[in-house]
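Here is what each chain is made of, one letter per residue.
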Amino acid sequence: MQISPPILFPRQDNEDYAAWVMRTMPVISHRAYPVNGVNSWHGGIHIPHTDTGALANPLRAVADGVIVYANDPAPAEKRDRKPLNYDGKTDNGCVLIRHEMLIGEDPVSCVLYSLTMHMKQVRPEIQGKAGMRVRRGQVIGTSGMVSGVNAYHFQMCCPSEMLKMLCGREQGNLDVSAPGEERTAYGHRYFFLPEGTAIYAGGTPYALSASPCCLISEALYIAHEGSKTRTLRKADGIYESVGEAAVAVDYICEPPPAVSGYKTYSEWIRVAYPGGEGWVDVSSPTINTWTDADFPDWAGWTLVDDDSTPDSQCNSAMVKKALAKQDSDLTRFICKFPLEWNFASFDVRFSWLKAPNDELPEPMSDEDYASLKEHAQALCFFDKLPVENQMELTGLVWHFDPRELMIQLQKAERRVIYYTNNKMNDFTADDMRHGDLTKEQILAQGRLGLGEKFKFNLFNFNKTVEEHFASMESMAFWTAWGKYAPLIRVMLDKFRKNEGGVFRHELLNQAFLEHETTRVCVANIKSFIHERLRINDFNYLSSLDLNDINKNIGKNVVLPKFNDVDWFNGLGIAVHDTYATKIYLEDFDITGVGDIFSTNYKATLRFHIQDHFGLDLSDLNCLLFENTPWFCSWFMLQRYKLYDFKPFISEASFTAQIEG
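The structure presented is a predicted model; accordingly, all values stated were derived computationally and were not measured. Position numbers for residues count from 1 along each chain, tracking the sequence in the order it is written. Totals for whole chains, interfaces and linings use all residues, but because this is a predicted model, local features are given only for residues with pLDDT of at least 70 and pairs of side-chain atoms are given and counted only at 80 or more. Note that the side-chain values use all heavy atoms of the structure and ignore hydrogens as well as water.

## With respect to the packing of aromatic side chains
Then, number 1: In this analysis, rings of Phe, Tyr and Trp, with Trp reduced to its six-membered ring, are considered paired at centre separations within 6.5 Å, and the interplanar angle assigns stacked below 30 degrees, edge-to-face beyond 60, and tilted for intermediate values. Counted according to the given criterion, the structure contains 32 aromatic pairs.
Then, number 2: Grouping aromatic residues by their ring pairs yields a cluster made of F469, F495, F503, F613, W630, F631, W634, F645 and F648.

Right, here's the structure in full:
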């Protein structure tokens, strides 16, 4: 976990991260984000709490970072009097932390600030300690009062130039003419279907109609959320729902040979469209793909930069339009306005309060304005920040609803720590060819014998297709007897169906997880991670750390594979070596602060492994197999022009836990 709420209330059983954040960070409605009760820009949220005793709720650093400012709060008797008591008792303790966080699977570094304000106490060991490092979960103080209410202010923002690092753009909507950033990809996927995109009928992806059931007459926007897809269309700048479609599994298969520009595979997903549901190939060169890393506007993200006025009154037409709608949700609005804790700009930002306006019909009196200004001066701290931080936070700054940003950043925690040169879903490899050889070309294979004149092989063209399959089934009978034995028979059945695609089976996942090569691989990766943590004093892994781990895996680790001749379970034949592997580090958590002997870590290693249930020429021209009748039958069924049975990709996905 790289980010967590300021108060760590226990997470309930089976409670997902987003629900946990929303439950533990409720908001006082008139002190919400991005505007307060009089439509003045408000950079954070006020979070109520129930503690009234001397030992209030401990507030914690939400992520690893560096202390920028931490003050000594005024004693209780001062919060009860002016200037702190402007419209109720108010604590002035605050902590500003600069976080440099890694974003995405192949991560980039992004700078964010978190501010906790209205704290009753600030831990003495961090007061006046600009530059001091703190850990996620480290106690920085306790919750206090604001305006006579038990609540604290919490906000997150980033310097103007950082937004492009975070979401790929600094203004406007997502550019649908260009695909998303692959390097930082994470979370859900999103697609833009231009007008004319082909939709195919069929209850399952294995039985698609030969021709499209329709060509859509308008552009559609797709959000792929795992078990379902949501379809939207854009009308008058508003995204309207078209419908949802349940997606049991995406269907990945070989690309159509007649169409140029495709990837090494086609991927079919089920979507709703005006008039029904159908299947669309999202690997088409006309369809661009994005992920949560791109903050798509049809997922609710809106960049608000249409208020260029220097004051703190919200003059954004985008925000006002959203607020005019019933049950408006602005939690995914990213808004650009000045930081509110700079007293030097107070009059520029708040003089509008002294004149009649739509939000405040009765202007503020000079006396009331002076009281407000004195109150603000007691809370502001910008002039006390180091110069380099002042430079990052000067002028217009991007603000977020901290809850939605935390949910988003947690999605970005998964890291790719290793991947092979061979890519996933490669249907263009030689062993994935089918129906491409004549009888003469097949008979020319093999190298047994004493030279070309005496060459022989066991290709039997007098056998029927059923007899060739019987030969393969005989192999399965004699070589697979253990608990994984059903796998090879299920795989043969898929081969006989001639459907291609990707084969997934829980028994295959289990076989990989329990194999000796996996156990050794996991142990080695754990040792590499442990060593990097020891070197960096048990901080979260940096880009350099991840690169070092990647190199160590590439040089020193045997990846999971069934490279022993496993005649008992049949996996040495059905899978044997593997083609492509990706290893992810996710759910990485470090607990304990200070002494490394009390610091613990735990993480999940996720393996994504693919092999090809198919044969290439080098497989055949091997003494071990060319004199094996069932192997020759397999080759003929796949490669002979008159048979043309499609090979397929066998895929395993499993996790292993590490801790120390």
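Next comes the rest of the write-up.
## As for unusual backbone geometry
The phi angle of most residues is negative, glycine excepted, and most peptide bonds adopt the trans form.
Then, number 1: In this structure, P34 follows Y33 across a cis peptide bond, with omega equal to 5°.
Then, number 2: Numbering of helices and strands runs from the N terminus; a helix is a DSSP stretch of H or I covering at least four residues, while a strand is a stretch of E covering at least two. Assignment of secondary structure puts P34 in the loop between α1 (17–24) and β1 (44–48).
Then, number 3: Between K82 and the following residue, P83, the backbone shows a cis peptide bond with an omega angle of 10°.
Then, number 4: Looking at where P83 falls in the secondary structure, it is placed in the loop between α2 (76–79) and β4 (93–103).
Then, number 5: Positive phi outside glycine occurs at N39, with the angle close to 55°.
Then, number 6: The phi dihedral of S147 is positive, around 55°, even though this residue is not glycine.
Then, number 7: Mapped onto the elements of the fold, S147 is located in the loop between β8 (145–146) and β9 (149–158).

## Some remarks on empty space enclosed by the protein
Then, number 1: Site definitions follow a grid-based scheme: protein atoms alone, a 1 Å grid, a 1.4 Å probe that fits but cannot get out for cavities, and for pockets an open set with protein on both sides within 12 Å along at least five of seven lines, plus lining residues having an atom within 4 Å of a point. Grid points are joined across faces, edges and corners, and a volume is the space filled by probe spheres set on the points. Following the criterion strictly, the structure yields one cavity of 30 Å³ or more and no others.
Then, number 2: There is about 50 Å³ of room inside the largest cavity.
Then, number 3: Lining the largest cavity are L96, Y113, S114, L115, Q155, M156, C157, L339, F381 and L393.
Then, number 4: Going through the elements one at a time, β5 (108–122) and β9 are the ones with two or more residues in the lining of the largest cavity.

## Description of the sheet that holds strand β17 (residues 266–273)
Then, number 1: One open sheet holds the three strands; their spatial order is β16-β17-β18, and the pairing between them is antiparallel. Looking at strand neighbours, the two that pair on one side only are β16 (251–253) and β18 (276–281), the edges of this open sheet. With direction set aside, neighbouring strand axes in the sheet form an average angle of 30°.
Then, number 2: Paired strands are those between which DSSP finds at least two bridges. Inspection of the sheet shows β17 paired to β18 by six bridges, in the antiparallel sense. Paired with A272 across the two strands is E277, which belongs to β18. Only C-alpha atoms enter the line fits that serve as axes; for helices the fit covers just the stretch in contact. Angles between N-to-C directions range over 0 to 180 degrees.

## A short note on the pairing of strand β27 (residues 648–659)
Then, number 1: Where strand β24 (residues 502–504) meets β27, three bridges bridge the pair, whose relative direction is parallel. Within β27, the residue paired with F503 across the bridge is S650.
Then, number 2: Bridge analysis of strand β26 (residues 600–613) against β27 gives 12 bridges, and the strand direction is antiparallel. In the strand pairing of β27, R606 is matched with T655.

## Topic: the side chain of E15
Then, number 1: Of note, E15 is situated in the segment before α1.
Then, number 2: A distance of 2.9 Å separates a polar atom in the side chain of E15 from the backbone nitrogen of Q12.
Then, number 3: Residues count as neighbours in contact if any of their non-hydrogen atoms are within 4.5 Å of one another. Excluding residues within four positions of it along the chain, E15 makes contact with W20 and R23. Definition of a polar contact: a pair of N or O atoms within 3.5 Å, with one able to donate and the other able to accept a hydrogen when the atoms are protein atoms, and with sequence-neighbouring residues admitted only if both atoms are side-chain atoms.

## Structural notes on the nonpolar core
Inside soluble globular proteins, nonpolar side chains tend to come together where they are buried.
Then, number 1: Counting residues in hydrophobic clusters, the biggest one holds 88 residues, and the most contacted among them are I3, V95, L96, I103, L166, F381 and L393.
Then, number 2: Looking at which element gives the most residues to this core, the answer is β5, with nine residues.
Then, number 3: Y484, L585, L615 and F648 belong to the second-largest nonpolar core, a separate cluster that totals 65 residues. To qualify as a nonpolar core, a set must consist of buried Ala, Val, Leu, Ile, Met, Phe, Trp, Tyr and Cys residues joined through side-chain atoms within 4.5 Å. Accessibility here uses a 1.4 Å probe with only protein chains present; expressed as a share of the type maximum, an area under 20% marks a residue as buried, one over 50% as exposed, and anything in between as partly exposed.

## Remarks on the packing of α1 against helix α8 (residues 402–411)
Then, number 1: Axis separation between α1 and α8 bottoms out at 10 Å; the angle between their running directions is 155°. By the criterion of interaxial angle, the relationship of α1 to α8 is roughly antiparallel. Classified by chirality, the crossing of α8 by α1 is right-handed. Along its contact with α1, which presents Y17, A18, V21 and M22, the element α8 presents R403, E404, M406, I407 and Q410. When an angle is under 35 degrees it counts as roughly parallel; over 145 it counts as roughly antiparallel; between 65 and 115 it counts as roughly perpendicular; any other value is oblique. Helix crossings get a hand from a simple test, with the near helix turned counterclockwise from the far one by less than a right angle marking a left-handed crossing and a clockwise turn marking a right-handed one.

## Some points on the confidence of the model for the chain
Then, number 1: Residue-level pLDDT values for the chain average 89, and 93% of them are 70 or greater.
Then, number 2: The pLDDT score gives, residue by residue, the confidence of the prediction method on a 0 to 100 scale. Strand β3 (residues 65–70) holds the highest mean pLDDT among the elements of the chain, 97, whereas helix α17 (residues 623–626) holds the lowest, 57.
Then, number 3: Of the regions scoring below 50 in pLDDT, residues 448–455 engages in 12 contacts with residues more than four places distant in sequence or in other chains.

## A few points about the sheet that holds strand β23 (residues 415–419)
Then, number 1: The sheet built from five strands is open, its strands ordered β23-β25-β26-β27-β24 with mixed pairing. Two strands in the sheet have a free side with no partner beyond their single neighbour: β23 and β24. Taking each pair of neighbouring strands and ignoring which way they run, the sheet shows an average axis angle of 25°.

## Description of the state of the cysteines
Then, number 1: Two cysteine sulfurs form a disulfide in these notes if their separation is within 2.5 Å. Applying the stated criterion across every chain, the model contains zero disulfides.
Then, number 2: No disulfide involves C158; its sulfur sits 5.8 Å from that of C110, the nearest cysteine.
Then, number 3: C158 sits in the buried class, given a relative accessible area of 0%.

## Some thoughts on the packing of helix α13 (residues 516–535) against helix α14 (residues 543–556)
Then, number 1: Where α13 meets α14, the closest approach of the two axes is 10 Å, and the angle between their N-to-C directions is 150°. With respect to α14, the axis of α13 lies roughly antiparallel. For the pair α13 and α14, the crossing hand works out as right-handed. Packed against α13, whose contacting residues are N524, I525, F528, I529 and R532, the element α14 presents D545, D548, I549, N552, I553 and N556 at the interface.
Then, number 2: Under the scheme applied, nonpolar residues are Ala, Val, Leu, Ile, Met, Phe, Trp, Tyr, Cys and Pro; charged residues are Asp, Glu, Lys and Arg; polar residues are all the others, including Gly. Of the residues in the contact of α13 with α14, the class split is five nonpolar, three polar and three charged.

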